[in-house]
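# Chains, contacts and geometry: an overview
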Amino acid sequence: GGVFCAPPPPPPPPPALTIKVLTMSRPRALARLLASLDAAHYQGVVVNLDILVDGPREAPAAEGERRREVIARADAYDWPHGRKRVIVRPTNLGLVGQWLKAWDPVEEAKGRKSAGHSGVDGIVAIFEDDMQVSVHYWKWLKLMWSNYRRREDLFGISLQSQHLVASSGKDTLQIDNENKPYLYKVSGSWGFSPHPRAWPLFLAWHARTAASGYVPDDLTFRGKLVITSQWYKDMSAQGRDPAMWTAWAMKYMDDKGLFCLYPNLARRAAFTISWNEVGEHDSGEMLSKPSSPLVEVWSAESEAAPLQPVRIEFDGSTIYDDPRPMRKRQCNLQGSHFIFDGYIFGLHGGGSGGGVEKMWLNIIPHMAKAVQDAGGLFTHCTYESSDLVKLGTADNMACNGLRAVSSLPGDNKVVFSSYYQGSPDACFIHMVYDHIPERTGMDAGPESEYWPRIENMRHAGGFLSISKSTTDDMCEIYGMCDRSIVATSDNRAAPEFVPASPQAVSAFKKNNWITKPYILVVGKRYGYKNYDIFWPAVENMPAAFRQKYMVLLVGEAEEASHGIEVQAVQGVPEEEMPAMYSGAAAFVYPSLYEGFGMPPVEAASCGAPLILGPFHRDRMRHVFGDLAQYATTPDEMEKALGNVAEGNIAPRDALVTRASLYGSDPRHGWNEVAKEYLEYMIHGPFRTHTIGGQRCRPLVEDPDDCRFVTTPTTIKPAL
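Residues numbered from 1 in each chain as written. Predicted model: local features only at pLDDT ≥ 70, side-chain atom pairs only at ≥ 80, totals over all residues. Heavy atoms only, no water.

### A short note on the side chain of Glu 602
How we decide: Helix numbers and strand numbers start at the N terminus; a helix is a DSSP run of H or I with at least 4 residues, a strand a run of E with at least 2. When accessible area is computed with a 1.4 Å probe and restricted to protein chains, residues below 20% of their type maximum are described as buried, those above 50% as exposed, and intermediate ones as partly exposed. Here Asp and Glu are counted as negative and Lys and Arg as positive; His is not counted, and neither are the chain ends. Each salt bridge in this description consists of a side-chain nitrogen of Lys or Arg and a carboxyl oxygen of Asp or Glu lying within 4 Å of one another. Any pair of nitrogen or oxygen atoms within 3.5 Å is treated as a polar contact; in protein, a donor-acceptor pairing is required on top of that, and neighbouring residues in sequence qualify only through side-chain atoms on both sides. When checking whether two residues touch, look at their non-hydrogen atoms; a contact exists if any pair is within 4.5 Å.
Along the polypeptide, Glu 602 turns up in helix 19 (residues 598-605). Within the buried set, Glu 602 has no salt-bridge partner at all; the shortest N-O distance to an opposite charge, 5.3 Å, is to Lys 358. Within polar-contact distance, the side chain of Glu 602 engages the side chain of Tyr 581 at 2.9 Å. Sequence-distant contacts of Glu 602, that is, excluding residues within four places in its chain, are made with Ala 493, Phe 497, Met 577 and Tyr 581.

Written out as structure tokens, the structure reads:
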């Protein structure tokens, strides 16, 4: 491929959430809010914090002292979840100005681009300083956005429990909908997350209407002013600054038919509460009491996300007319060209028997069809010895070792390789399989075949990974800990791996001269495969065990004698492998390290009891959990084999059910991996500061577009 140059240092990773804290002169309130934000559960994502300190105003000296304390506390606060900024306003904006200047999506998108990021804005949440959040607020907010972002009538999401009946001003709002989220024509301000489409339109509308001299004191419901307009009119008549951004927001929402989404939990519990500190709208009558209880425990009630939340009018009544339809997802990839480098097939002479070849043979057909159905191009770059390898509907083309990429059609080209190839002439996405050389002491230096892989990790715009373990190693070995630029999808077994019939198992045994229950061992057994703990354990087993059982090796024969019958078979046809696994008394795979480790999933899919090693115990335990036995020493292996003899093993049907998440259920097969990889290559985010990333950008504007779902046979656009 092309020649890369060393990249400059990377920018900090893009955030999943950006918090905007509005403050001025309440240092103790700010400390309480920051402590609660810090303690929230962010599930490992990057969360940036902006503390926006309003400018000074003509006020008693004590307020100036408190403002200086606010600035000092904000500067000193150690925010561990991402980047922190303290922005001190030179002049006083007031509460309305603070809200309206808190987030400008258009300007921040420009800043993100200049910083070397691509992708879409994350979620933004705005808090006044006398708020406090639940540890679960981010989990709920993320869940709500994932369900309702496409609503055309959504202005934003509030984290508070709303009490106000807007038509009367009474604190008696009750929504009888089984404690599910609802939509209300009132904008919440106690923890508010604006919709990234609606918010800039609102800001532009506000700028125009405010410049015209309009003030929001005329919003009515059934001939009577709603309470925010009444408050606005009353304060203006008293010569006071109304300082109510929500009055502007509600006028805009009413004009445009927009709603704010609220939680509706039992006991009026909320994900954000207000302490009603003395400030712009509170003179102290509330005595700094919390507005409602915080959500302390995540429950099924918190998970509720109805397809059509009930919509509420200003007086608390239900709106029954048909809601505006959800914005339809679209997927237009015209002008986009996905280029898959099939080097692995050329490397192996056009063969397709290895694990990597099988992986791509199963993934690419799903990707190619989805891209082509959306109007894009999909090319399989072939080599002289692999030009007959056909990957679904992908167009085969000799690309001259990727040197032809620059001349291929398409405004937006994405290149990803099956084996350590890269190109600077497209958005280059690097496939990472494993870090076996680094973990096992193999030669991974500049003269080794692995060096291009290490070089490509420096230069790629993004990454595909075959397992959580591989992604973890990118962080542990190379310090590449930003998981947002890695599409991680655990490998899968083919759907053919299901429990075989008793007749098929009997036929397999008969054809291979197997006369005893067998302990199954598959593949190579050197070095990090760790079979040095297996054979001593076998030799130590009681004579009755060694007489009852045999060891079946699929691969090279074993030269040493271990006091037990050992039989080796080679070249087991793939159609016979389900019977081979199904007939095993146990499947042993004690590996120290893998990329993913396909054979255990194949074995479990067929119901074979598992004895696994340190890799699966320590790095991939999420795959089988307690359904497998784990052995790291000969003594532990001996105990595990004894459990097999005594029947102390996981039920075979439980293993089959667990493994169905990794391939045997066609909804969770290689099509699911294709979906996750393809969505990442369409949306990012990417590292645009690298040579291989400088051409990377989202291929569609809206992050809800070009999303896919799996079917029993492939992937299709999500509705």
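We are not done yet, so read on.
### Quick notes on the sheet that holds strand 20 (residues 462-465)
Worth spelling out the cut-off: Whether two strands pair comes down to DSSP finding at least two bridges between them. Comment: axis = line fitted to C-alpha atoms, over the contacting stretch for helices; angle = value between 0 and 180 degrees taken between N-to-C directions.
If you walk across this open sheet you meet the 7 strands as 17-16-15-18-19-20-21, and the pairing is parallel. Both outer strands of the open sheet, strand 17 (395-398) and strand 21 (486-488), are each paired with one neighbouring strand and no more. Averaged over neighbouring strand pairs, the angle between their axes works out to 25 degrees when direction is ignored. As judged from the 4 bridges shared by strand 16 (residues 377-382) and strand 17, these two strands associate in the parallel manner. If you follow Thr 382 over to strand 17, its bridge partner there is Ala 398. Taken strand by strand, helix 13 (residues 451-459) contacts strand 19 (427-432) and strand 20, and its axis lies near 130 degrees from that of strand 19.

### Some remarks on the side chain of Glu 672
In this fold, Glu 672 is placed in helix 24 (residues 670-683). Excluding its chain neighbours within four sequence positions, the residues that come into contact with Glu 672 are Arg 492, Leu 661, Arg 667 and Thr 710.

### Topic: the sheet that holds strand 23 (residues 550-554)
Spatially, 6 strands are ordered 24-23-22-25-26-27 in an open sheet, and the strand pairing comes out parallel. Unpaired on one side and paired on the other, strand 24 (565-569) and strand 27 (629-630) mark the two borders of the sheet. The pairing of strand 22 (residues 518-522) with strand 25 (residues 586-589) spans 2 bridges and is classified as parallel. When the bridges of strand 25 are listed, Leu 520 appears paired with Phe 587. Contacting strand 25 and strand 26 (610-612), helix 19 runs over the sheet at an angle of about 170 degrees to strand 25.

### So, the pairing of strand 19
The buried count for strand 19 comes to 6 of 6 residues, which makes it a mostly enclosed element. Residues of strand 19 alternate between two faces, with Cys 427, Ile 429 and Met 431 on one and Phe 428, His 430 and Val 432 on the opposite face, all of them buried. Note: strand 18 (residues 412-417) against strand 19, 3 bridges, orientation parallel. Paired with Val 415 across the strands is Phe 428, a residue of strand 19. Of the strand pairs in this sheet, strand 19 and strand 20 are connected by 4 bridges, and their pairing is parallel. Directly across from Met 431, in strand 20, lies its bridge partner Leu 464.

### Quick notes on unusual backbone geometry
Residue Pro 685 is reached from Gly 684 by a cis peptide bond, and omega for that bond is 10 degrees. Position of Pro 685 among the secondary structure elements: in the loop between helix 24 and strand 28 (708-710). Despite not being glycine, Asn 530 shows a phi value in the positive range, around 70 degrees. Among the structural elements, Asn 530 can be located in the loop between strand 22 and helix 16 (534-540).

### With respect to the environment of Gln 43
Within the secondary structure, Gln 43 is located in the loop between helix 1 (27-39) and strand 2 (47-53). With relative accessibility at 48%, the residue Gln 43 sits in the partly exposed group. When the C-alpha atoms of Gln 43 and Lys 139 are compared, they prove to be 8.3 Å apart, with 96 residues separating the residues in sequence. Ignoring any residue separated from it by four or fewer positions in sequence, one finds Gln 43 in contact with Trp 138, Lys 139 and Lys 142. One polar contact links Gln 43 to Lys 142, side chain to side chain, over a distance of 2.9 Å.

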